[in-house]
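Descriptive analysis of the structure
Here's the letter readout for the chains.
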Amino acid sequence: MNIKQLVLLLMCISFASYADDLVKGAKIINVGSAHSNQKAFYVTLIGGTGPCANRKIIFPEEYSQSSVAYELAQELAVTAFLHNKHVKIHNESNRKFMDDDICTGASLIEISH
């Protein structure tokens, strides 16, 4: 393996580990519209697997792809809460919004049965 191939392989591994799911299979037990006077909403979870299972996860508006995507994430969180659905929450690039914690930088949410 030459040096170029090695560098490319390391970049791919680094990128793959940079973005990850914060939690899979959790249920939302609380939804809040603001957090610490920031433009962010939060969810409190029970169950699931991942580094943010059974924790509060914050969705900062600035980490969303757009204001429409941010509003949709809020709507999906409320829908999952109201209908007692499982969620998967993702931090697109392991960003940390507060306290050097990846659970404060969520950007995507998915609902499942």
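Residues numbered from 1 in each chain as written. Predicted model: local features only at pLDDT ≥ 70, side-chain atom pairs only at ≥ 80, totals over all residues. Heavy atoms only, no water.

**Digging into the state of the cysteines**
Here, the word disulfide means a covalent bond between the sulfur atoms of two cysteines. If you walk through the whole model with that rule in mind, you get one disulfide. Put simply, Cys 52 and Cys 103 are joined by a disulfide, and their sulfur atoms are 1.8 Å apart. One disulfide, between Cys 52 and Cys 103, carries an S-S torsion of -95° and so falls in the left-handed class. Highlighted residues: Cys 52 in the loop between β2 (40–46) and β3 (56–60) and Cys 103 in the loop between β4 (86–91) and β5 (108–112), separated in sequence by 51 residues. Cys 103 shares its class with Cys 52; the two are buried. (Disulfide = S-S within 2.5 Å. Helix = DSSP H or I, 4+ residues; strand = E, 2+ residues; numbered from the N terminus. Buried < 20%, exposed > 50% of the residue type's maximum accessible area, 1.4 Å probe, protein only.)

**Notes on the packing of aromatic side chains**
Summed over all chains, the structure comprises two aromatic pairs. When the centroid spacing of 4.5 Å and the interplanar angle of 5° are considered together, the rings of Phe 41 and Phe 59 count as stacked. A residue pair is termed long-range when its members are at least 10 positions apart, and Phe 41 in strand β2 and Phe 59 in strand β3 qualify at 18 residues. Relative accessible area serves as the criterion here: at 1%, Phe 41 is assigned to the buried category. Relative accessible area serves as the criterion here: at 1%, Phe 59 is assigned to the buried category. In this structure an aromatic cluster arises from ring pairing among Phe 41, Phe 59 and Tyr 70. When the ring centre of Tyr 42 is taken as origin, the NZ or CZ atom of Lys 56, which lies over that ring, is 4.5 Å away. (Phe/Tyr/Trp six-rings, centres within 6.5 Å; stacked < 30°, edge-to-face > 60°. Lys NZ or Arg CZ within 6 Å of the ring centre and 35° of its normal.)

**A word on the sheet that holds strand β1 (residues 20–32)**
The strands making up a sheet associate through hydrogen bonds between their backbones, and the pairing can be parallel or antiparallel. With respect to topology, five strands assemble into an open sheet ordered β3-β2-β1-β4-β5, the strand pairing being antiparallel. Two strands lie at the open edges of the sheet, namely β3 and β5, each paired on one side alone. Each strand axis lies, on average, 45° off the axis of its neighbour in the sheet, ignoring direction. Pairing of β2 with β3, which is carried by five bridges, proceeds in the antiparallel orientation. Within the sheet, the bridge partner assigned to Tyr 42 lies in β3 and is Ile 58. Along the sheet, helix α2 (residues 67–82) makes contact with β1, β2, β3, β4 and β5, crossing β1 at roughly 70°. (Pairing = 2+ DSSP bridges. Axes fitted to C-alpha atoms, helices over the stretch in contact; angles between N-to-C directions. Contact = heavy atoms within 4.5 Å.)

**Re the confidence of the model for the chain**
Counting all residues, the mean pLDDT for the chain is 84, and 82% of those residues have values of 70 or more. Between residues 6–18, whose pLDDT stays under 50, and residues either more than four places distant or in other chains, the model counts five contacts. (pLDDT = per-residue confidence, 0-100.)

**Observations regarding α2**
Taking 1.5 Å of rise per residue, the 16 residues of α2 would be expected to cover 22 Å, and the 23 Å separating its terminal C-alpha atoms lies within 8% of that figure. Every buried residue of α2 is listed here: Tyr 70, Ala 73, Ala 77 and Ala 80. Angularly, the buried residues of α2 cover 90° about the axis, an arc narrow enough to put them on a single face. Opposite the buried face of α2, by more than 90 degrees, sit the exposed residues Val 68 and Leu 82. (Expected span 1.5 Å × (residues − 1). Arc of directions from axis to C-beta.)

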